[in-house]
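Fold and geometry: a report
The residues making up each chain are set out below.
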Amino acid sequence: MAKSPEEEHSQKAFGWAARDSSGILSPFRFSRRENADDDVTIKVLFCGVCHSDLHSAKNEWGFTNFPVVPGHEIVGVVTNTGNNVEKFKVGDRVGVGVIVGSCMKCDTCQEDLENYCPQVIYTYNSQHHDHDRTKTYGGYSDMIVVHHRYVLRFPDNLPPDAGAPLLCAGITAYSPMKYYGMTEPGKHLGVAGLGGLGHITVKIGKAFGLKVTVISSSPAKEDEAIKTLGADSFLLSSDPAKLKEAMGSMDYIIDTVSAVHALAPLIGLLKLNGKLVTVGLPDKPLELPIFPLVLGRKLVGGSDIGGMKETQEMLDFCAKHNITSDIELIRMDYINTAMERLAKSDVRYRFVIDVANSLT
Ligand code: NAP
Ligand code: ZN
C-alpha cells in the first residue's frame with residue numbers, strides 16, 4: 001500500500017493544502033526527503049501567492065492532483081547542504097521558483113532552458129522522477145528540499161518578502177522581453193492586466209528604458225499605475241474610444257490576463273511588426289483573429305517562466321535596479337480570503353505569506 005504523505009519520507013513537514021476543487025486550503029502534515037548529496041534544505045521564510053496557485057488549488061486547468069500545497073515564489077534560508085553542494089552554505093538566503101527538477105541531459109537542459117525540458121518537475125503538483133516518484137509540495141510550508149541546480153542566490157539588497165514574487169512573476173516578465181527582443185529603449189510596451197505579473201512587467205519595462213502603457217479592466221488602478229508603479233500611461237480596456245485612439249501605437253504587448261478575454265483589441269494596439277506575448281494562462285482557449293496579424297505582419301508568442309541561469313540573471317538585474325514587488329504581507333490563515341480577493345483582481349499587487357512567522 002502506498003505510504004501516506006506524512007510517512008513517505010524521513011523529514012516531517014507542515015504546510016497548508018487544498019484537498020479538492022473548492023480550492024479551500026487548510027493545515028496539512030506531510031514529509032520531505034532526506035537531504036541527499038546534491039540537495040539543499042531550506043527553511044521557508046516568505047512565499048508569494050501567484051494566480052497559478054489559485055488556478056491549481058481550484059483545479060481550473062484540470063490536472064491538479066490533490067492534496068496540493070501551492071507556492072512557487074519561495075525565499076528562505078539554507079539549513080542543510082549535501083556533500084556535492086558548493087554554491088550554498090548553511091545560513092545563506094536563497095530562492096526557489098517554479099521548477100525543482102528536469103532531466104539535466106537533453107538539449108533544452110544543456111541550453112539552460114530547464115523550464116522547457118520535457119521532464120521538468122514543478123515545485124508543486126508534479127512528480128519526482130529523479131528520486132522516488134513521490135509528489136512535489138510547494139512553499140506554503142515550513143521547509144523544502146531541492147536539488148542545488150534549482151536553487152537561486154537571493155541578492156543581499158533585495159528584501160526577502162517583497163523580493164519573493166520575482167521568483168515567478170519577475171522571471172515570467174523578464175524572459176520574454178529578452179527572448180523576443182522587447183528591450184530596445186524608447187520603444188512602447190503595453191502591459192495587459194495589472195496584477196502580480198503585470199505590475200512587475202511595468203517595472204522591468206521601465207528599467208529597460210521602455211515607454212510603458214498599462215491596459216487594464218480596473219479603473220481604480222489608473223492613479224497607482226502612473227504615480228506608484230511608474231507607468232507612462234493607462235488605457236481602460238472597456239473604453240472603446242480610448243482604445244481606438246491608441247490603435248497602432250505599441251511595439252510590444254505582454255498579456256498577463258488570467259481569464260478569457262479578447263485578443264483582437266490588443267492586436268489592434270500593435271504597430272506594424274508588433275509583438276504580442278501571452279504569459280497569462282486562462283483555463284479556456286482564446287480566439288485569435290488572423291486578418292490583423294497577416295495584414296500587419298504581427299507576431300503572437302508565448303513564454304513560460306525562464307531557465308535557472310536566466311532567473312539568476314533576472315534577480316541580479318532587479319537587485320541592481322531596485323525592482324521589488326508591491327506586496328500585501330499576510331498570515332498563513334488569511335490565505336483563503338487572499339485567494340478570494342485574487343480571483344476578483346483585488347490585490348495591490350501581490351500577496352506574500354509571512355510563512356515563518358504565521359504557519360500554524
Ligand atoms: P493576478 O495577480 O490575478 O493578475 C491578473 C490580472 O488580469 C488581474 O489583476 C486583472 O488586471 C486581469 N484580469 C483578471 N480577470 C480579468 C478579466 N476577466 N478580464 C480582463 N482582465 C482580467 O495574476 P498573476 O499572478 O499576475 O498571473 C496572471 C496569469 O499568468 C495567470 O493566468 C497565471 O496562471 C499566469 N502565469 C503564467 C506564468 C508563465 O510562466 N507564463 C507564470 C506565472 C503566472 P486588471 O485589474 O488590470 O484588469
Ligand atoms: Zn507563478
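In this report, the structure presented in the accompanying data block is examined. (Residues numbered from 1 in each chain as written. Chains lettered and ligands numbered in written order. Predicted model: local features only at pLDDT ≥ 70, side-chain atom pairs only at ≥ 80, totals over all residues. Heavy atoms only, no water.)

1. Description of the layout of surface pockets
Taken as a whole, the largest pocket encloses approximately 1,100 Å³ of empty space. Looking at the largest pocket, it is lined by 49 residues, and the ones nearest its centre are Thr 256, Val 257, Ser 258, Gly 280 and Leu 281. Among the secondary structure elements, those contributing two or more residues to the lining of the largest pocket are helix H1 (51-57), helix H5 (196-207), strand S11 (211-216), helix H8 (264-269) and helix H11 (335-343). The element that contributes the greatest number of residues to the lining of the largest pocket is H1, accounting for four residues. Of the residues assigned to the lining of the largest pocket, the class counts are 23 nonpolar, 23 polar and three charged. Counting residues domain by domain, the lining of the largest pocket receives three or more from each of domain 1 (11-167 + 326-358) and domain 2 (169-302). Volume-wise, the second largest pocket comes out at about 240 Å³. Residue lining of the second largest pocket: 15 residues in total, with Asp 112, Leu 113, Ser 175, Tyr 179 and Glu 310 positioned closest to the centre. (1 Å grid on protein atoms, 1.4 Å probe; cavity = no way out; pocket = protein on both sides within 12 Å on 5 of 7 lines; lining within 4 Å. Points joined across faces, edges and corners; volume = space filled by probe spheres on them. Helix = DSSP H or I, 4+ residues; strand = E, 2+ residues; numbered from the N terminus. Nonpolar A, V, L, I, M, F, W, Y, C, P; charged D, E, K, R; others polar. Domains from an automatic or database assignment.)

2. Notes on the coordination of the zinc ion (ligand 2)
Within the protein, the zinc ion (ligand 2) binds to Cys 50 (SG), His 72 (NE2) and Cys 168 (SG); these donor distances fall in the range 2.0 to 2.2 Å. Site description for the zinc ion (ligand 2): donor spacing in sequence, C-x21-H-x95-C. Of this pair, Cys 50 sits in the loop between strand S3 (39-48) and H1 while Cys 168 sits in the loop between helix H3 (160-163) and helix H4 (169-179); the two residues are 118 residues apart in sequence, bridging distant segments of the chain. For Cys 168, a relative accessible area of 5% puts it in the buried group. (Donors = N, O, S within 2.8 Å, 3.2 Å for Na, K, Ca; no water. Buried < 20%, exposed > 50% of the residue type's maximum accessible area, 1.4 Å probe, protein only.)

3. Some points on H5
For H5, with 12 residues, the first-to-last C-alpha span of 17 Å sits near the 16 Å given by 1.5 Å per residue. Among the 12 residues in H5, 10 count as buried, and that is most of the element. Considered for burial, the residues of H5 that qualify are Gly 196, Leu 197, Gly 198, His 199, Ile 200, Thr 201, Val 202, Lys 203, Ile 204 and Gly 205. Where H5 is buried, its residues meet H4, strand S10 (188-192), S11, strand S13 (250-255), helix H10 (308-320) and strand S17 (350-353). Gly 209 lies just past H5 and shows a positive phi near 85 degrees. (Expected span 1.5 Å × (residues − 1). Contact = heavy atoms within 4.5 Å.)

4. Section: the pattern of salt bridges
For the structure on display, the rule yields 14 salt bridges. Note that Glu 224 is salt-bridged to Arg 348, the shortest N-O span being 2.8 Å. Of this pair, Glu 224 sits in helix H6 (residues 222-227) while Arg 348 sits in the loop between H11 and S17, and the two are 124 residues apart along the sequence. With a closest N to O distance of 3.9 Å, Asp 333 and Arg 331 form a salt bridge. Salt bridges sharing common partners tie together Glu 328, Arg 341 and Asp 346. (Salt bridge = Lys/Arg side-chain N within 4 Å of Asp/Glu carboxyl O.)

5. Description of the side chain of Thr 311
Mapped onto the secondary structure, Thr 311 falls in helix H10. Looking at Thr 311, the relative accessible area reads 4%, which means it is buried. Beyond its immediate stretch of four places on either side in the chain, Thr 311 contacts Leu 152, Ile 171 and Gly 306.

6. Re the packing of aromatic side chains
Between two aromatic rings, the relevant description is the distance of the centres plus the angle of the planes. The tally for this structure, following the rule as stated, stands at nine aromatic pairs. Members of the aromatic cluster, each reached through a chain of ring pairs, are Phe 28, Phe 30 and Tyr 137. (Phe/Tyr/Trp six-rings, centres within 6.5 Å; stacked < 30°, edge-to-face > 60°.)

7. Structural notes on the sheet that holds S10
The pairing of strands in a sheet comes from backbone hydrogen bonds and takes either a parallel or an antiparallel form. The sheet built from six strands is open, its strands ordered S12-S11-S10-S13-S14-S15 with parallel pairing. At either end of the open sheet lies a strand with only one pairing partner, and these are strand S12 (233-236) and strand S15 (299-302). The mean angle between the axes of side-by-side strands here comes to 20 degrees, regardless of whether they run parallel or antiparallel. Across five bridges, S13 lies against strand S14 (residues 270-278) in parallel orientation. Each bridged residue has a counterpart across the sheet, and for Met 250 the counterpart in S14 is Leu 270. (Pairing = 2+ DSSP bridges. Axes fitted to C-alpha atoms, helices over the stretch in contact; angles between N-to-C directions.)

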